[in-house]
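Here is how the chains run, residue by residue.
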Amino acid sequence: MARTAVETANSLSLMYDESYDGDDMEMFRIGWPELRTLAGVSKLTEEYLATVNMALADSKCALIPFDDYLVVAKQGDFSRTRKIPSRLLEQYLPDEEELDNLVEDDEELDDEDE
C-alpha cells in the first residue's frame with residue numbers, strides 16, 4: 001500500500017533518530033529500491049521526492065539524492081565540512097566575457113519561449 005510523501009518523511013525522520021551501528025542521530029543513506037519499498041510505490045517522482053523533502057524540513061532534515069542512493073541528514077551533520085575560502089572562490093568567478101555570454105544565452109532562451 002502506498003504511503004503519502006508525508007508518511008514516508010515521518011518514517012525517514014524516525015529512522016534518523018534510531019541507534020544502529022554504534023551511532024545514533026547520524027545521517028544515513030538509503031538505496032532507491034529501499035526508498036520505493038518504504039514508500040510503497042513503484043516509481044519515485046520528482047514531485048513525491050520534493051514533498052518528502054519539504055516534510056523532512058519540518059524535522060530539520062533533508063533528503064539528498066545521489067545516483068545510487070539518497071542521504072537523510074541534518075544541517076549539523078555537515079558542520080565539520082570545510083568552507084570554501086574567498087580567495088579560492090574568486091579564482092573561479094566568471095570574467096566579464098563569460099558574464100556577457102551568459103546574458104546573451106539567457107536572452108536567446110527567453111526569445112525561444114515566446
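Residues numbered from 1 in each chain as written. Predicted model: local features only at pLDDT ≥ 70, side-chain atom pairs only at ≥ 80, totals over all residues. Heavy atoms only, no water.

1. Quick look at the overall build of the chain
Counting its secondary structure elements, the chain contains five helices and five strands. Ordering the α and β elements of the chain from the N terminus gives α-β-β-β-α-α-β-β-α-α. A sequence separation of at least 24 residues applies to 55% of the contacts in the chain between residues at least 6 apart. Total accessible area computed for the chain in this model is approximately 9100 Å², and 50% of it derives from carbon and sulfur atoms. (Helix = DSSP H or I, 4+ residues; strand = E, 2+ residues; numbered from the N terminus. Contact = heavy atoms within 4.5 Å. Areas by Shrake-Rupley, 256 points an atom, 1.4 Å probe, with all protein chains shown as cover.)

2. Here's the deal with the environment of C61
Its location among the elements puts C61 in strand β4 (residues 61–65). Among residues more than four places away in sequence, those in contact with C61 are Y16, N53, L56, V72, A73 and K74.

3. Considerations on the nonpolar core
Counting residues in hydrophobic clusters, the biggest one holds 18 residues, and the most contacted among them are L12, L35, V52, L56, L63 and V72. At the level of elements, α1 (5–17), β3 (28–31), α2 (32–39), α3 (46–57), β4 and β5 (69–74) are the ones that each hand at least two residues to this core. Ranked by residue count, the leading element in this core is α3, at five residues. Not counting chain neighbours up to four residues away, the residues in contact with L12 comprise F28, I30, L35, L38, V52, L56, L63 and V72. (Core = buried A, V, L, I, M, F, W, Y, C linked by side-chain atoms within 4.5 Å. Buried < 20%, exposed > 50% of the residue type's maximum accessible area, 1.4 Å probe, protein only.)

4. Considering a nonpolar patch on the surface
Taken together, the side chains of I84, L89 and L93 present a nonpolar region at the surface, about 290 Å² in accessible area. The class for L89 is partly exposed, based on a relative accessible area of 45%. (Patch = residues over 30% accessible without salt bridge, like charges linked within 9 Å, V, L, I, M, F, W, Y side chains within 5 Å. Salt bridge = Lys/Arg side-chain N within 4 Å of Asp/Glu carboxyl O.)

5. What to know about the packing of aromatic side chains
Across all of its chains, the model carries one aromatic pair by this definition. Lying across the ring of Y69, R29 places its NZ or CZ 4.8 Å from the centre. (Phe/Tyr/Trp six-rings, centres within 6.5 Å; stacked < 30°, edge-to-face > 60°. Lys NZ or Arg CZ within 6 Å of the ring centre and 35° of its normal.)

6. Regarding the sheet that holds β4
Paired through their backbone hydrogen bonds, the strands of a sheet run either parallel or antiparallel. Taken in spatial order, the three strands line up as β3-β5-β4 in an open sheet, and their pairing is antiparallel. Of all the strands in the sheet, just β3 and β4 have a single pairing partner and so form its edges. Each strand axis lies, on average, 25 degrees off the axis of its neighbour in the sheet, ignoring direction. In the packing of α1 onto the sheet, contacts are made with β3, β4 and β5, and the angle to β3 comes to roughly 135 degrees. The strands touched by α2 are β3, β4 and β5; relative to β3, the strand with the most contacts, the crossing angle is about 80 degrees. (Pairing = 2+ DSSP bridges. Axes fitted to C-alpha atoms, helices over the stretch in contact; angles between N-to-C directions.)

7. Some remarks on the pairing of β5
Judged from the four bridges that link them, β3 and β5 form a sheet pairing that is antiparallel. Its bridge partner being in β5, G31 is matched across the sheet by Y69. As judged from the five bridges shared by β4 and β5, these two strands associate in the antiparallel manner. Paired with A62 across the strands is A73, a residue of β5. From the end of β4 to the start of β5, which pair antiparallel, there are three residues.

8. Topic: the packing of α1 against α3
When two helices pack together, their arrangement is captured by the angle between the axes and the distance separating the axes. For the pair α1 and α3, the least separation of the axes is 8 Å and the interaxial angle reads 50 degrees. With respect to α3, the element α1 is oriented oblique. α3 is crossed by α1, and the crossing has right-handed handedness. Two secondary-structure elements touch here, α1 through A5, V6, T8, A9, L12 and S13 and α3 through Y48, T51, V52, A55 and L56. The class makeup of the residues in the contact of α1 with α3 is eight nonpolar, three polar and no charged. (Parallel < 35°, antiparallel > 145°, perpendicular 65-115°, else oblique. Left-handed = near helix turned anticlockwise from the far one by under 90°. Nonpolar A, V, L, I, M, F, W, Y, C, P; charged D, E, K, R; others polar.)

Keep in mind these values describe shape, not function.
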